[in-house]
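Breakdown of the fold
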Amino acid sequence: MPRINRVIELWEQGQPVYREGIGELSYDNGKKMSDTWADYLLTDFEHAPFDMVGLRAFMQGLADAGPTRSGHRTPTVMVTLPSNCRTREEMWANSWQVRHALSTGVHGILHTHTRQPDAVQAFVESTRYPFQTIGVGKGLLQGQRGAGGQQFPAQIWGVDPVTYTKIADPWPLNPEGEIILGLKIEDRECLANCDEIAAIPGISFGEWGPGDMGMSFGNADAHDPPYPDEMNRVRNQIKASADANGLKFLSSWNDPSKDDEGNLQVLIDMGAAIFSGGGPERAEVGRKMTNRQMPVG
């Protein structure tokens, strides 16, 4: 039986994953996006309205139109949040956003501007139910997610509410977990703490956020290559921190001097596990390059 979160399943097979933006948060679009070419869908609440009503309807549309051709009930869905993960105080003040997002049935959260290790610790704790003990006392305190909101996400996942609470836990900290938590380590303050940030238990992946990272170094537009030496050094440093702590690495690569295969080869050589940028045509090329076996969609 496949996992609920197909991104985890693909990572366990050694395959990189590809994303697509969700677009309109509606039931009808959820039904349409059930057939997506992407391995996971991302909705951006960092820069767009925090629409939980729309996200809930979208998730219901995905579930009603499923299963996918890969045998999963829905594609993996992740969100970013309006708040940042800059300090522990900011994280706790905005932990309601984590609870609301997870209660729609999404499978992961990519948090932004993760600058301090104790803020990342609070982020992980806010996603966990208190009875989960893996990692508690070893970098984490007790989970802070409360009972009462598990019925809706459980039916989106196709499990009973008790089972949901057991598997709605961060992977790979919990090998049976189905939630993936990511970090945008995307400015100079994040960079200074990247080793400590990446070591917090419960995180699945990290990215270096070249657009914001470039801005923190005074460059208004440094999102795409070719990068100055300073940006290459930063990327390598964050990738090294991710590798040292078993995190998957998210990166885009859109060098205008290269074709799709050339850009993908850079990411493969880099050891990235999440390829950002490009559309279905690039993903098709990449899947052939890595001998992908799982059906698309």
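Above this text is the structure in question.
Keep in mind the model is a prediction, meaning the values are calculated, not measured.

**Things to note about the state of the cysteines**
Per the stated rule, a full pass over the model turns up zero disulfides. As a non-bridged cysteine, Cys 190 has Cys 85 as the owner of its nearest cysteine sulfur, 9.0 Å distant. The exposure class assigned to Cys 190 is buried, which follows from its relative accessible area of 0%. In this structure Cys 194 is not part of a disulfide, and its nearest cysteine sulfur, from Cys 190, lies 9.4 Å away. With relative accessibility at 1%, the residue Cys 194 sits in the buried group.

**Brief notes about the packing of aromatic side chains**
Counted by the stated rule, this structure contains nine aromatic pairs. Here Tyr 129 and Phe 131 contribute two aromatic rings whose centre-to-centre distance is 6.1 Å and whose plane-to-plane angle is 10°, an arrangement assigned as stacked. Look at Phe 131 and you get partly exposed, because its relative accessible area is 47%. Clustering of aromatic rings is evident, with ring pairs tying together Trp 11, Trp 171 and Phe 205. When the ring centre of Phe 152 is taken as reference, the NZ or CZ atom of Arg 56 above it lies at 3.8 Å. Cation over ring: Arg 188 sits above Phe 217, and NZ or CZ is 5.5 Å from the ring centre.

**With respect to the pairing of strand β7 (residues 248-252)**
The buried count for β7 comes to four of five residues, which makes it a mostly enclosed element. In this sheet, β7 lies alongside strand β6 (residues 205-207) in parallel orientation, the contact comprising three bridges. Counterpart to Glu 207 in the pairing with β7 is Leu 250. Between β7 and its parallel partner strand β8 (residues 274-276), the chain crosses via helix α13 (residues 260-270), and the hand of that crossover is right-handed.

**Comments concerning the packing of α13 against helix α14 (residues 280-289)**
In contact at an axis separation of 10 Å, α13 and α14 are set at 55° when each is read in the N-to-C sense. Taken together, the axes of α13 and α14 lie oblique to each other. In this structure, α13 crosses over α14, and the sense of that crossing is right-handed. Where α13 abuts α14, its residues Asp 260, Glu 261, Asn 263, Leu 264, Gln 265 and Ile 268 lie against Glu 281, Arg 282, Val 285, Gly 286 and Met 289. Within the contact of α13 with α14, the residues separate by chemical class into four nonpolar, three polar and four charged.

**Here's the deal with unusual backbone geometry**
In the segment running from Gly 66 into Pro 67, the intervening peptide bond is cis, with an omega of 5°. The step from Trp 171 to Pro 172 runs through a cis peptide bond, and the omega angle for that step is 10°. One non-glycine residue with positive phi stands out, namely His 113, at about 45°. Here His 113 lies in the loop between β4 (108-111) and α6 (117-126). A positive phi is found at Asn 291, a non-glycine position, where the angle reads about 60°. With respect to the secondary-structure elements, Asn 291 resides in the segment after α14.

How each quantity is defined
- Within any chain, residue numbers begin from 1 and follow the written order of that chain's sequence.
- Local features are withheld for residues below a pLDDT of 70 in this predicted model, meaning they are given only at 70 or higher, and side-chain atom pairs are given and counted only at 80 or more; totals for whole chains, interfaces and linings count all residues.
- Working from all heavy atoms in the structure, the side-chain values ignore hydrogens and water.
- In this description, a disulfide is simply a cysteine sulfur pair whose atoms lie within 2.5 Å.
- Whether a residue is buried, partly exposed or exposed follows from its accessible area with a 1.4 Å probe, protein chains only, as a fraction of its type maximum: under 20%, in between, or over 50%, in that order.
- Ring geometry is summarised as follows: Phe, Tyr and Trp rings, the Trp one being its six-membered ring, pair when their centres sit within 6.5 Å, and such pairs are stacked at plane angles under 30 degrees, edge-to-face over 60 and tilted between the two.
- By definition, being over a ring means that NZ of Lys or CZ of Arg is both within 6 Å of the ring centre and within 35 degrees of the ring normal.
- Put simply, DSSP marks the helices as runs of H or I at least four residues long and the strands as runs of E at least two long, and each gets a number from the N terminus on.
- DSSP calls a pair of strands paired once it identifies at least 2 bridges connecting them.
- Clockwise travel from the first strand over the helix to the second, with the strands pointing away from the viewer, marks a crossover as right-handed.
- Here an axis means a line fitted to C-alpha atoms, over the contact stretch when the element is a helix, while the angle between two N-to-C directions is reported on a 0 to 180 degree scale.
- Between 65 and 115 degrees an angle is taken as roughly perpendicular, under 35 as roughly parallel, over 145 as roughly antiparallel, and anywhere else as oblique.
- Crossings are sorted by hand: turned counterclockwise from the far helix by less than a right angle, the near helix makes the crossing left-handed, and turned clockwise it makes it right-handed.
- Throughout, a residue-residue contact means that at least one pair of heavy atoms, one from each residue, lies within 4.5 Å.
- Only Asp, Glu, Lys and Arg are considered charged in this grouping, and only Ala, Val, Leu, Ile, Met, Phe, Trp, Tyr, Cys and Pro are considered nonpolar; every other residue, Gly among them, is considered polar.

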